[in-house]
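Observations on the three-dimensional arrangement
Residues per chain are reported as follows:
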Amino acid sequence: MKLKELIENRYSVRAYLPHAVEEEKVNYILECARLAPSACNLQSWKFYIVTTKEAVSKVQESYNREWFKTAPMHIVVCKDVSVSWKRTNTDNKDFGDVDAAITAEHICLATAEVGLGTCWVCNFDPVLLKEALRLPENIEAIAIFPLGYIDTEKSLLTDKKRKLLSEVTERL
Ligand SMILES: Cc1cc2nc3c(=O)[nH]c(=O)nc-3n(C[C@H](O)[C@H](O)[C@H](O)COP(=O)(O)O)c2cc1C
C-alpha cells in the first residue's frame, strides 16, 4: 500500500475486539517507532508495553472511557527528559515531545498497516498514569495507544474532516 493510501485509511479506532494481539505484530509496530528520527538523534523516547490484565486495567483508570476499556493492551509513549535535546543558546525548548510525537505517528501508521486499530490518547490523568506505570522522575508519559483488532460493527471509517490545503498554507 502506498503511504498516502495508508494515511487515508488510518483512523482513530474507539472499539476493539477482546482478542490478544500477536507478539510479532506488536514487535513490528515497536520497530517502526524505534526507527523514528529525533533531535540530535538522542532518541529520548521510552515505550511501555502494557499487556497484563492488572497493568491494563490500571492504565485504563487514567482515562475513564468505556471504549478505552475494550482494548486488550496499550503502548504508552514517554519522553526521557534527562535525554531529550534542549535548544541551546536561545530558549532551552525541550524537543522530547516532538521526538515522542514522531514515534507516535509511526505507531499509528504501522498499526493500520498490520490490520489493527489504535487511537492517540492524550487526555489521560498524568498522575494516575505515572502511578500505574511506576514512572521514575525523568520519564513523562506523552500518549497512550490502545491496541487491538477493530470491532468493525462499532467502529467505522468516517469521513476525513480536514482543513483545505489553502487554509493551512502560506506561500511566500
Ligand atoms: C495529540 C493528539 C491527542 C489526542 N487525544 C485524544 C484523546 O485523548 N482521546 C480521543 O478519543 N482521541 C484523541 N485524539 C484523536 C483525535 O481526536 C483524532 O485524531 C482526530 O479527531 C482526527 O480523527 P482521525 O484520527 O479518525 O482521522 C488525539 C489525537 C492527537 C493527534
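Details of the structure are given in the entry above.
Residues numbered from 1 in each chain as written. Predicted model: local features only at pLDDT ≥ 70, side-chain atom pairs only at ≥ 80, totals over all residues. Heavy atoms only, no water.

With that settled, consider the site of the ligand. Within the structure, the ligand sits among 13 residues, and Ser 12, Arg 14, Tyr 63, Trp 120 and Arg 162 are positioned closest to it. In the environment of the ligand, an oxygen atom lies 3.1 Å from a nitrogen or oxygen atom belonging to the side chain of Arg 10. Protein contact buries 60% of the 620 Å² of open area that the ligand shows by itself. (Near = heavy atom within 4 Å. Polar contact = N/O pair within 3.5 Å; in protein donor to acceptor, adjacent residues only side chain to side chain. Areas by Shrake-Rupley, 256 points an atom, 1.4 Å probe, with all protein chains shown as cover.)

This part takes up the nonpolar core. Counting residues in hydrophobic clusters, the biggest one holds 24 residues, and the most contacted among them are Val 59, Val 76, Leu 129, Leu 133 and Ile 144. Among the secondary structure elements, those contributing two or more residues to this core are strand 1 (45-50), helix 3 (53-61), strand 2 (73-80), helix 5 (126-133) and strand 4 (139-148). Other than its neighbours up to four places away in sequence, Val 76 contacts Lys 46, Phe 47, Tyr 48, Val 50, Leu 129, Leu 133, Ala 141, Ala 143 and Ile 144. Residues Val 21, Met 73, Ile 75 and Cys 108 belong to the second largest nonpolar core, which totals 19 residues. (Core = buried A, V, L, I, M, F, W, Y, C linked by side-chain atoms within 4.5 Å. Buried < 20%, exposed > 50% of the residue type's maximum accessible area, 1.4 Å probe, protein only. Helix = DSSP H or I, 4+ residues; strand = E, 2+ residues; numbered from the N terminus. Contact = heavy atoms within 4.5 Å.)

The strand order across the open sheet formed by four strands is 1-2-4-3, and the pairing between neighbours is antiparallel. Two strands lie at the open edges of the sheet, namely strand 1 and strand 3 (117-118), each paired on one side alone. Bridge analysis of strand 1 against strand 2 gives six bridges, and the strand direction is antiparallel. Following the sheet pairing, Ile 49 is matched in strand 2 by Ile 75. (Pairing = 2+ DSSP bridges.)

The next thing to look at is the environment of Tyr 48. On the secondary structure map, Tyr 48 appears in strand 1. In sequence terms Tyr 48 and Pro 136 are 88 residues apart; their C-alpha atoms lie 13 Å from each other. Excluding residues that lie within four positions of it along the chain, Tyr 48 makes contacts with His 74, Ile 75, Val 76, Cys 78, Leu 133, Leu 135, Pro 136 and Ile 139.

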